[in-house]
Amino acid sequence: MADKKCDSGSESDSTEEPVVGNVNKFAVVPPGYNGRPKKGHMIFDACFECGNLGRVDYITEYEYDLFIRPDTCNPRFRVWFNFTVENVKADQRAIFNIVNFSKTKSLYREGMSPLVKSTSRPKWVRIPAKHVYYYRCPDHRKNYVMSFSFCFDKEDDIYQFAYCYPYSYTRLQNYLDNLEKKNMDFFSRELLCLTVQQRRLDMITITNPDNLDPEETKRVVYLTARVHPGETPASYVCQGVIDFLISNHPIAKVLREHIVFKIVPMLNPDGVYLGNYRCSLMGFDLNRHWLEPSPWAHPTLYATKNNLMELDRSDKCVLDFFIDIHAHSTLMNGFMYGNTYEDMERYERQSVFPKLLCANAEDFSLNNTNFNRDAVKAGTGRRTLGGCLDDSSHCYTLEVSFFSYQTSSSSTAMPYTEEGYMKLGRNLARTFLDYYKMTGLISAKPSSSIVPKPGRYNIRDRERANTDPPSDFDERPRNNRLDYHINNTSSYGDTSIRLQFRDRERRY
Ligand SMILES: [Zn+2]
């Protein structure tokens, strides 16, 4: 999330003892028990890439308090969690209370629930919302607590729980490695810099190689994502953009002919790797440091901003768009933030792209889209670059909900899936064609290359095109929901009673 007042205004500082480091194969046994862990003594682990769980307290055989490990060097941020549980007994039931969130407003009130997968069922699914409770808890100084009940049905499985669909640094590296191996002449990857912990800051360029002739003037669209490491949906949107732009889709081919796409898919690789929610290794919210990034403290921003300013200064380059992709923890749908400008013509011009995107993406909300210059947003990418790039450029934050979207034709909210986020990315990419047709850069008449061949895509049929990914997508089976949960009413009743009547004096 980059831009919403309630985001930074709703944090509550924990008065718990500090939680430092992740649990490491931590067996939770009853008080006074000294032997080896027995089957059913759950073993919690978060010592893996993007893992986050700082502490587990045994409350009863059926109930555990879980503490999120705060961002490295910044204890204010405690939202992202991602951990495994093993050594369970078949049909063992448990209630997990996540007790130290730093936020109060949350989509848990709107039906969001944690994700789960297990070794025998590797596809992430959401725990049914009816097994999730979000409430102010008298046991934890009236902090908001999210409790969920769960039944471990297979004792040999390792179960993993996460705040949202993880998307790791290693996953991005593997994805980019595979793209490089395809030797596409319109794709290149370069190293902008190394992070404090020596990870790669990658930038990819997608365009027809003719456009890279130094003598030719080029139009550039610049996209970035994952400055906030816990905002994993941003990576799915970004991958959706890339998958579309490198595809054989006729719109992608036309876009590559005319436009140079520069994409920095992960602006905060260390924060992602470490399982932080908001900050870099050194505890900086990088999206408040675009004004004067430091080469030693914010090397990824420093390198990206230099790259952008170089493009901006070049007389052979027109930087049309800067879009920074985030995820939002309290609002639904996809939407954008833009800037307000004294220049009314510029202000109105920047309202065009969100309208075009709204026409292409049913999950995009113009209602949530707004343009502002709030003082607390100084230092964000969108604000800073809106102030220093050429007046002709458009700078936006693209937000997408951590949870769900509602369309104009439906009264119920649809939870996002990994595929749903990638689809928003594909729709974002195709919207550039509409924009450039409108501005006249690309002919409004169908050129030969975008007239669909028989049996291929029909660009006028948006619905169909939107759901037709290129052939080499990782298509996942749909309607493959798994039933992990406590699914009879009596256990649901038990859960409610336990939450209401647990011993409130037990710990403090
Ligand atoms: Zn963000």
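Everything quoted here is computed from the prediction, not taken from an experiment. (Residues numbered from 1 in each chain as written. Predicted model: local features only at pLDDT ≥ 70, side-chain atom pairs only at ≥ 80, totals over all residues.)

Trainee: Is there a simple way to think about the UniProt feature "active site" (unreviewed entry) in the chain in this case?
Mentor: The UniProt record marks Glu399 with the feature "active site" (unreviewed entry), using the residue numbering of this structure. Note that Glu399 resides in strand β19 (residues 394-401). By the C-beta count within 10 Å, which is 29 here, Glu399 ends up buried. (UniProt positions renumbered as here; feature names shortened; annotations may be inferred. Helix = DSSP H or I, 4+ residues; strand = E, 2+ residues; numbered from the N terminus. Buried ≥ 20, exposed ≤ 12 C-beta atoms within 10 Å, placed from the backbone.)

Trainee: Explanation requested: the environment of Phe81 in the structure shown.
Mentor: Within the secondary structure layout, Phe81 lies in the loop between β4 (63-67) and β5 (82-86). The spatial distance from the C-alpha of Phe81 to the C-alpha of Ile98 is 9.2 Å, given a sequence separation of 17 residues. For Phe81, the residues in contact, after removing those within four places along its chain, are Asn52, Leu53, Ile68, Ile98, Ala162 and Tyr163. (Contact = placed C-beta atoms within 7 Å.)

Trainee: Help me out: how do you make sense of the packing of helix α8 (residues 352-360) against helix α10 (residues 418-438) in this one?
Mentor: Working note: a packed helix pair is described by the angle between its axes plus the distance between those axes. Two elements in contact, α8 and α10, have axes separated by 9 Å at closest approach and are oriented at 120 degrees. Viewed along their axes, α8 and α10 adopt a mutual orientation that is oblique. Crossing hand, α8 versus α10: right-handed. Contacts between α8 and α10 involve Phe353, Leu356, Leu357 and Asn360 from the former and Asn427, Leu428, Arg430, Thr431, Asp434 and Tyr435 from the latter. Here the contact of α8 with α10 is built from residues that sort into five nonpolar, three polar and two charged. (Axes fitted to C-alpha atoms, helices over the stretch in contact; angles between N-to-C directions. Parallel < 35°, antiparallel > 145°, perpendicular 65-115°, else oblique. Left-handed = near helix turned anticlockwise from the far one by under 90°. Nonpolar A, V, L, I, M, F, W, Y, C, P; charged D, E, K, R; others polar.)

Trainee: What is the right way to look at the pairing of strand β13 (residues 200-206) in this model?
Mentor: Sheet faces and side chains relate simply in a regular strand, where the side chains alternate between the two faces. The pairing of strand β12 (residues 187-194) with β13 spans seven bridges and is antiparallel. Along β13, the bridge assignment pairs Phe187 with Ile206. Here β12 folds back onto β13, and the loop between the two strands holds five residues, one of which, Gln198, carries a positive phi near 70 degrees. In terms of strand pairing, β13 meets strand β15 (residues 259-264) through three bridges, oriented antiparallel. Bridge assignment links Ile204 to a residue of β15, and that residue is Ile263. (Pairing = 2+ DSSP bridges.)

Trainee: Please clarify how the sheet that holds β15 should be interpreted in this entry.
Mentor: Sheets are built from strands paired through backbone hydrogen bonds, the pairs being either parallel or antiparallel. Ordered in space as β12-β13-β15-β14-β16-β19-β17-β18, the eight strands form an open sheet in which the pairing is mixed. Across the chains shown, the open sheet's two edge strands, defined by having one partner strand only, are β12 and β18 (370-371). Pairing analysis gives two bridges linking strand β17 (residues 334-338) to β18, with the strands arranged parallel. What sits directly across from Gly338, in β18, is Phe371.

Trainee: Where do I start with the sheet that holds strand β3 (residues 55-60) in this structure?
Mentor: Ordered in space as β3-β4-β6-β10-β9, the five strands form an open sheet in which the pairing is mixed. Each end of this open sheet is capped by a strand with a single partner; those strands are β3 and β9 (132-137). If you compare each strand with its neighbour and ignore which way they point, the axes differ by 25 degrees on average. Two strands pair when backbone bridges link them, and β3 and β4 are joined in this way by five bridges, in the antiparallel orientation. Paired with Tyr58 across the two strands is Tyr64, which belongs to β4.

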